[in-house]
Amino acid sequence: MLADVLARYRAAGPAEEADVARLRALLAGADDPWTRASPLHVTGSALIVHPPTARVLLRWHERQGAWLHVGGHADPGETDPLAVALREGREETGLGDLAPWPDAGLVHVVIVPVNAKGDEPAHEHADVRLVLATATPDAARPERPSAPLRWLTVPEALSVTAEPNLRETIARAARLMSTVDYERA
């Protein structure tokens, strides 16, 4: 499933092309590219947007100490990045109406390092990112008090995140919001 989605994806520049090549190699060589047992494994994530107001939703990630997008690891048996992103998005925000926007295509592929913590060694996530939209932004609720949520304009979101890869994801979503007629998408 992920190989099919990736086949339709076009990287935007040399750095992303290198990440996509590593992801393709992982898919070709791993029995389960989603397993956390691998030092490089796939994660599914999304930037949640409210197109009518051009706002994005960020979540405080305690482990990373940063405002980030939603997403994470696949549950056993999951192989569809959209399904992973939707499940994670619903779990982390309480938003039941999340839908791919403006379509179900990937918006960004990036390999990100993850620091060691406890018994878990340092590893990398091959993060496949989508954009999900909600029509009910006021219904967003954090999954726990230590993971607050913030609706932000694009400039505000860019000001609170220092991660270059997330800044790029936000910029790509902003371009979509400025060019897509959300009422027809």
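Further up the page is the structure itself.
Here the structure is a predicted model, which means the values were calculated and not measured.

Engineer: Give me the overall build of the protein chain: which residues, what numbers.
Structural biologist: A tally of regular secondary structure across the protein chain gives 5 helices and 8 strands. For 185 residues, the compact-globule formula gives about 16 Å, and the C-alpha radius of gyration of the protein chain, at 16 Å, lands near that figure. In terms of overall dimensions, the protein chain has C-alpha extents of about 40 × 35 × 30 Å along its principal axes. By sequence separation, contacts in the protein chain at least 24 residues apart represent 66% of the contacts at least 6 residues apart. Total accessible area on the protein chain stands at roughly 9,100 Å², and carbon and sulfur atoms take up 53% of it. Positive and negative side-chain charges of the protein chain, numbering 19 and 26 respectively, have mean locations separated by a distance of 3 Å.

Engineer: Go over the packing of aromatic side chains with me, naming the residues and quoting the values.
Structural biologist: Applying the stated criterion across every chain, the model contains 1 aromatic pair. Measuring from ring centre to ring centre gives 5.5 Å for Trp60 and Trp67, while their planes differ by 70°; the resulting arrangement is edge-to-face. For Trp60, a relative accessible area of 26% gives the class partly exposed. If you follow Arg150 out to its NZ or CZ, it ends over the ring of Trp67, 5.1 Å from the centre.

Engineer: Break down the nonpolar core for me, with residues and values.
Structural biologist: In terms of nonpolar packing, the biggest core is built from 31 residues, with Leu23, Val42, Ile48, Leu106 and Val109 touching the most fellow members. Ignoring sequence-local partners within four residues, the contact set of Leu23 consists of Leu2, Leu6, Val42, Val109, Ala126 and Val128. Within the second largest apolar cluster, 18 residues are counted, among which are Leu58, Val107, Ala133 and Ala173.

Engineer: So what's going on with the pairing of strand β6 (residues 108-114)? Which residues, and what values?
Structural biologist: Consecutive residues of a regular strand have side chains that alternate between opposite faces of the sheet. Of all 7 residues in β6, 6 are buried; the element is thus mostly enclosed. Pairing analysis gives 7 bridges linking β6 to strand β7 (residues 123-133), with the strands arranged antiparallel. From the neighbouring strand, Val109 faces β7, where its bridge partner is Val128.

Engineer: Residues and numbers for helix α5 (residues 164-179), please.
Structural biologist: Its 16 residues give α5 an end-to-end C-alpha distance of 23 Å, which sits within 8% of 22 Å, the value for a rise of 1.5 Å per residue. Within the span of α5, buried status applies to Asn165, Leu166, Thr169, Ile170, Arg172, Ala173 and Met177. Within α5, the buried residues cover an arc of 160° as seen down the axis, which keeps them to one side. Relative to its buried face, α5 has exposed residues pointing more than 90 degrees away, namely Pro164, Ser178 and Thr179.

Engineer: Please provide a residue-by-residue account of the pairing of strand β2 (residues 55-61), values included.
Structural biologist: With respect to burial, β2 is a largely interior element, 5 of its 7 residues being buried. Bridge analysis of strand β1 (residues 40-50) against β2 gives 3 bridges, and the strand direction is antiparallel. Across the sheet, residue Val49 finds its bridge partner in β2, namely Val56. The antiparallel hairpin formed by β2 and strand β3 (residues 66-68) contains 4 residues in its connecting segment, where Gly65 sits at a positive phi of about 60°.

Engineer: Outline helix α3 (residues 81-93), supporting the account with residue identities and numerical values.
Structural biologist: The terminal C-alpha atoms of α3, which comprises 13 residues, lie 18 Å apart, in line with the 18 Å expected from a rise of 1.5 Å per residue. Among the 13 residues in α3, 10 count as buried, and that is most of the element. The set of residues buried in α3 consists of Pro81, Leu82, Val84, Ala85, Leu86, Arg87, Glu88, Gly89, Glu92 and Thr93. The opening residue of α3, the one whose side-chain oxygen lies 3.0 Å from the backbone nitrogen of Leu82, is Asp80. Immediately beyond the C-terminal end of α3, within one or two residues, lies Gly94, with a positive phi of roughly 75°.

What counts and how
- Residues numbered from 1 in each chain as written.
- Predicted model: local features only at pLDDT ≥ 70, side-chain atom pairs only at ≥ 80, totals over all residues.
- Heavy atoms only, no water.
- Helix = DSSP H or I, 4+ residues; strand = E, 2+ residues; numbered from the N terminus.
- Rg over C-alpha atoms; globule rule 2.2 N^0.38 Å.
- Contact = heavy atoms within 4.5 Å.
- Areas by Shrake-Rupley, 256 points an atom, 1.4 Å probe, with all protein chains shown as cover.
- Lys, Arg positive; Asp, Glu negative; His and termini not counted.
- Charge placed at Lys NZ, Arg CZ, Asp CG, Glu CD.
- Phe/Tyr/Trp six-rings, centres within 6.5 Å; stacked < 30°, edge-to-face > 60°.
- Buried < 20%, exposed > 50% of the residue type's maximum accessible area, 1.4 Å probe, protein only.
- Lys NZ or Arg CZ within 6 Å of the ring centre and 35° of its normal.
- Core = buried A, V, L, I, M, F, W, Y, C linked by side-chain atoms within 4.5 Å.
- Pairing = 2+ DSSP bridges.
- Expected span 1.5 Å × (residues − 1).
- Arc of directions from axis to C-beta.
- Polar contact = N/O pair within 3.5 Å; in protein donor to acceptor, adjacent residues only side chain to side chain.

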